[in-house]
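In case you want the letters, here they are:
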Amino acid sequence: MPRKGMKTLNWFSPKHSSATDMNSPSTSPFSSPSRFAFSPSRPSFSEAVIDRTIEMAEQMITKWDPDTTTFAKVTSLFYENRKEAKDFIKYVNNLHKAMHFHASENSRSDKLVRAQSLMQIAMKRLQKEFYQILSINRALLDPESISTVSSRTSISTRSSTSEFNIEDDDIDNRVAIAGESISEVEDISNIVMADLRLIAECMISSGYTKECLQIYKVIRKSIIDEGIYRLGVEKLSSSQVHKRDWEVTDLKIKDWLNAVDVAMKTLFDGERILCDHVFASSDAIRESCFTEISKDGAMILFSFPEIVAKNSKKSPEKVFRMLDMYTSIVEHWTEIETTFSFDSESAIRSQAMTSLVKLGESIRKALAEFETALQKESSKTTVAGGGIHPLTIDAMNYIILLADYSYVLSDILGDSPPPAKSSLPESYFGMADSDESPAPVISLRFAWLILILLCKLDGKAKHYKDVSLAYLFLANNLRYIVVKVRSSNLKYLLGENWISKQEGKIKKFASNYEQLGWSHVIQSLPREPNASISPQQVKETFKRFNSSFEQAHRKQSLYVVPNSKLRDDLKVSIARKILPVYREFYNKHRDTIAKERHSSHVIKYSPEDLAHYLSDLFFGPIESGSSSSVESSPSRTIPSQLQ
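Residues numbered from 1 in each chain as written. Predicted model: local features only at pLDDT ≥ 70, side-chain atom pairs only at ≥ 80, totals over all residues. Heavy atoms only, no water.

Going by what an unreviewed UniProt entry lists, the protein is known as Exocyst subunit Exo70 family protein and is assigned to Solanum commersonii. UniProt, in the comment section headed Function (unreviewed entry), describes the protein in these words: "Component of the exocyst complex." (UniProt positions renumbered as here; feature names shortened; annotations may be inferred.)

Quick look at the structure:
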């Protein structure tokens, strides 16, 4: 026993100098060794230490020996009495320190044998507690719950469990009402995590690292593997993907896109947070543990895109699923590098990068195939009424969808050389492209694809026997392209300068159509409608106009202009060239003709009649209506300019 007033040493506390443990159950009231008087009849200081420590620890450890009583076998120490559980941990830690201290003086002491026996009983208890806590609290420790409780940075940098401590007297109360509040559930999760860490640190420091990790890895790995399976991701071979119908593979890709988001934001993230906290005392243990738990699931997850990219039959329409997977990996790349940051997880990062590379190769091949298919398209069938060609619709739909992925395509096509300038017409470089200020590669690539489409349309226009209809066809299709560009990401890729140039071409096509389609009608009217001419000349002028107009209207009524703005612009332009002159001539000479017999055969149309006929143009045959619906629902109201 120490002399009165002498300073005692805290040999059994985790930190010898910690003042907070002076009154703990583990404190040894022995005198300072420098002032302890040894004699042959008295035990050595180390013997006194281990005797006292065994005496203090034996009652607690044997009480909870799972092989001695039914109570200890079926009851959880940490669930029954957390204060006693903490004392249990302290006694075990002190016993281990005392054994280490005594072994340095007498490694063959019988006291060490007794202490070691108690230590084995304690470790068996802690293994049972560790297993029970992990098993019973799966819901509280699922990765999604863990990832929402706290961030990895804040939880992994904590050096003790004190920040998780909640008054023991209040534990039962909180557990009872946990279902009433999310914050209460988080409190319980924190308590469970703190208990796991307490046990893990005790077992590891006592030399039972292997036993602790074996329990942890088996239980937590099953959660990761089950989570990946529940997300719809399975381990596939190349032959399985190659033999599958694309529809089945497409569904699997959709599952994967959802899975990688959930896996990176909750599954792996939550598991890393838990692992970092429970094994915060050792970076090496944290690394090996998390790697072993997550590697199989992560490799299955990140190998899927590579297998699909390498073994799916290539076709242009499949490129969008490849782009979706590529985008997903890119968007989660920071999380991938952060979550799998250990050196032992380099294979996971490498697999994710390999999938990214293989997807990029597959995407480039698909785009090349689309470009080739567009260039080889050689159908000679004309569209009735000069409407929108199916090639225009299909190609633009495809290009617009590609434009939605312009960010990742910039990365994928970054190393691909742009089309040679010498092979392109000057109008192609209407995007402010120059040697001093070159346009982005991705912008040039999209402009190139549209140029190929325009060239194909120009060739198809030549199949129309009526040249005016050929120009109307070009105006319609180019208008469709420009509208689609303006309403999509292509607007930002191609720029206003490109759009302005194309709109100038539309006006030129429309002007050529008017000139060829309506010039003979315009020329049938006199240059000076108010000039005085003979009744016979008046008759001849009306008859010539009637014939020209009827011929033009009969032909033009079969033509179609789906775009409402272009349709109205054309009708207004034609009306302005015909109606004012006809109205003047009509008002000047109708009375002269009205006095004669059969005047209705001479003057067939009033100016209002002509306006109605012109307003009814460019809708195509009433029964077809298909072309008209491509861009807008046609309205048969008379534009105000024609009234």
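1. Comments concerning the overall build of the protein
Looking only at helices and strands, the protein features 25 helices and 0 strands. By the burial criterion, 50% of the 643 residues in the protein qualify as buried. The long-range fraction of contacts in the protein, counting pairs at least 24 apart against all pairs at least 6 apart in sequence, stands at 79%. If you sum the accessible surface of the protein, you get close to 31800 Å²; carbon and sulfur atoms cover 50% of it. (Helix = DSSP H or I, 4+ residues; strand = E, 2+ residues; numbered from the N terminus. Buried < 20%, exposed > 50% of the residue type's maximum accessible area, 1.4 Å probe, protein only. Contact = heavy atoms within 4.5 Å. Areas by Shrake-Rupley, 256 points an atom, 1.4 Å probe, with all protein chains shown as cover.)

2. Section: helix α19 (residues 441-461)
For α19, with 21 residues, the first-to-last C-alpha span of 30 Å sits near the 30 Å given by 1.5 Å per residue. Among the 21 residues that make up α19, 16 are buried, leaving the element largely enclosed by the rest of the structure. (Expected span 1.5 Å × (residues − 1).)

3. Some details on the environment of Ala475
Along the polypeptide, Ala475 turns up in helix α20 (residues 467-486). Overall, the relative accessible area of 1% leaves Ala475 in the buried class. Linking Ala475 and Ala510, residues 35 residues apart in sequence, is a C-alpha distance of 6.0 Å.

4. So, helix α13 (residues 283-311)
Taking 1.5 Å of rise per residue, the 29 residues of α13 would be expected to cover 42 Å, and the 40 Å separating its terminal C-alpha atoms lies within 8% of that figure. If you look at α13, its biggest bend is around 45°, right at Lys295. (Bend = angle between axes of the 7 residues up to and from the residue.)

5. Some details on the side chain of Arg220
Relative to the helices and strands, Arg220 resides in helix α10 (residues 209-230). You can call Arg220 buried: its relative accessible area is 0%. At 2.7 Å, the side chain of Arg220 forms a polar contact with the backbone oxygen of Leu141. Every residue in contact with Arg220, bar those within four places of it in the chain, is listed here: Leu134, Leu141, Pro143, Glu271, Leu274 and Ile293. (Polar contact = N/O pair within 3.5 Å; in protein donor to acceptor, adjacent residues only side chain to side chain.)

6. Details of the nonpolar core
Core analysis: the largest hydrophobic core is formed by 173 residues, its most contacted members being Phe130, Phe279, Leu409 and Leu490. Broken down by element, this core gets its largest block of residues, 13 residues, from helix α12 (residues 246-278). Ignoring anything within four residues of it in the chain, the contact list for Phe279 reads Phe130, Ala200, Ile204, Cys212, Leu213, Tyr216, Ile285, Arg286 and Cys289. (Core = buried A, V, L, I, M, F, W, Y, C linked by side-chain atoms within 4.5 Å.)

7. Re the packing of aromatic side chains
This structure, assessed with the given rule, holds 22 aromatic pairs. The interplanar angle of 20° and the centroid separation of 5.8 Å between the aromatic rings of Phe545 and Phe549 together place this pair among those described as stacked. Taken together, the positions of Phe545 and Phe549, both in helix α22 (residues 535-556) and 4 residues apart, correspond to about one turn of that helix. Looking at Phe545, the relative accessible area reads 1%, which means it is buried. Ring pairs connect the aromatic residues Trp518, Phe542, Phe545, Phe549, Tyr582, Phe585, Tyr586, Tyr605 and Tyr613, which therefore count as one cluster. We note Arg272 situated over the ring of Phe290; from NZ or CZ to the ring centre the distance is 5.6 Å. (Phe/Tyr/Trp six-rings, centres within 6.5 Å; stacked < 30°, edge-to-face > 60°. Lys NZ or Arg CZ within 6 Å of the ring centre and 35° of its normal.)

8. Considerations on the state of the cysteines
Tallied over the entire structure, the rule returns 0 disulfides. Left unpaired, Cys275 is separated from the closest cysteine sulfur, that of Cys289, by 3.8 Å. Residue classification places Cys275 among the buried residues on the basis of a relative accessible area of 0%. (Disulfide = S-S within 2.5 Å.)

9. Focus: the environment of Asn311
Among the structural elements, Asn311 can be located in helix α13. C-alpha of Asn311 to C-alpha of His242: the two residues are 69 residues apart in sequence and 5.1 Å apart in space. Sequence-distant contacts of Asn311, defined by excluding residues within four places in its chain, comprise Ser238, Val241 and His242. A polar atom in the side chain of Asn311 sits 2.8 Å from the backbone oxygen of Ile307.

10. What about the pattern of salt bridges?
Taken as a whole and judged by the stated rule, the model has 31 salt bridges. Here Arg244 and Glu234 are joined by a salt bridge, their closest N and O atoms 3.4 Å apart. With Arg244 in the loop between α11 (238-243) and α12 and Glu234 in the loop between α10 and α11, the pair connects residues that are 10 residues apart, well separated along the chain. Of the residues examined, Arg244 reaches a relative accessible area of 25% and is grouped as partly exposed. Arg486 is the partner of Glu496 in a salt bridge, and the nearest nitrogen-oxygen pair spans 3.3 Å. Of the two residues, Glu496 is situated in helix α21 (residues 490-523) and Arg486 in helix α20; the sequence distance between them amounts to 10 residues. Arg486 gets classed as partly exposed once you look at its relative accessible area, which sits at 35%. It is possible to trace a salt-bridge network through shared partners that takes in Asp250, Lys254, Arg321 and Asp324. (Salt bridge = Lys/Arg side-chain N within 4 Å of Asp/Glu carboxyl O.)

11. Here we look at the packing of α12 against helix α14 (residues 319-331)
It is the contact of α12 with α14, at a shortest axis distance of 10 Å, that shows an interaxial angle of 15°. Between α12 and α14, the interaxial angle falls into the category roughly parallel. The element α12 and its partner α14 pack so that their crossing is left-handed. Taken together, the residues of α14 that come into contact with α12 (itself represented by Trp246, Asp250, Ile253, Lys254, Trp256, Leu257 and Val260) are Arg321, Met322, Asp324, Met325, Ser328 and Ile329. Its residues placed into classes, the contact of α12 with α14 shows 8 nonpolar, 1 polar and 4 charged. (Axes fitted to C-alpha atoms, helices over the stretch in contact; angles between N-to-C directions. Parallel < 35°, antiparallel > 145°, perpendicular 65-115°, else oblique. Left-handed = near helix turned anticlockwise from the far one by under 90°. Nonpolar A, V, L, I, M, F, W, Y, C, P; charged D, E, K, R; others polar.)

12. Considerations on the packing of α22 against helix α25 (residues 607-615)
Contact pair α22 / α25: the axes reach a minimum separation of 11 Å and the direction vectors enclose 20°. Looking at the two axes, α22 sits roughly parallel to α25. Crossing of α22 over α25 shows left-handed handedness. From α22, Phe545, Phe549 and His553 reach across to α25, where they touch Leu610, Tyr613 and Leu614.

13. Some words on the confidence of the model for the protein
Looking at the protein, the pLDDT average stands at 80 and 76% of residues meet or exceed 70. Below a pLDDT of 50 lies the segment residues 151-182, which in the model reaches 45 contacts outside its immediate sequence neighbourhood of four places, other chains included. (pLDDT = per-residue confidence, 0-100.)

14. Concerning unusual backbone geometry
With phi around 70°, Phe618 is a residue other than glycine that occupies positive phi space. Along the polypeptide, Phe618 turns up in the segment after α25. A residue is classified by how much of its surface remains accessible, and Phe618, at 0% relative accessible area, is buried.

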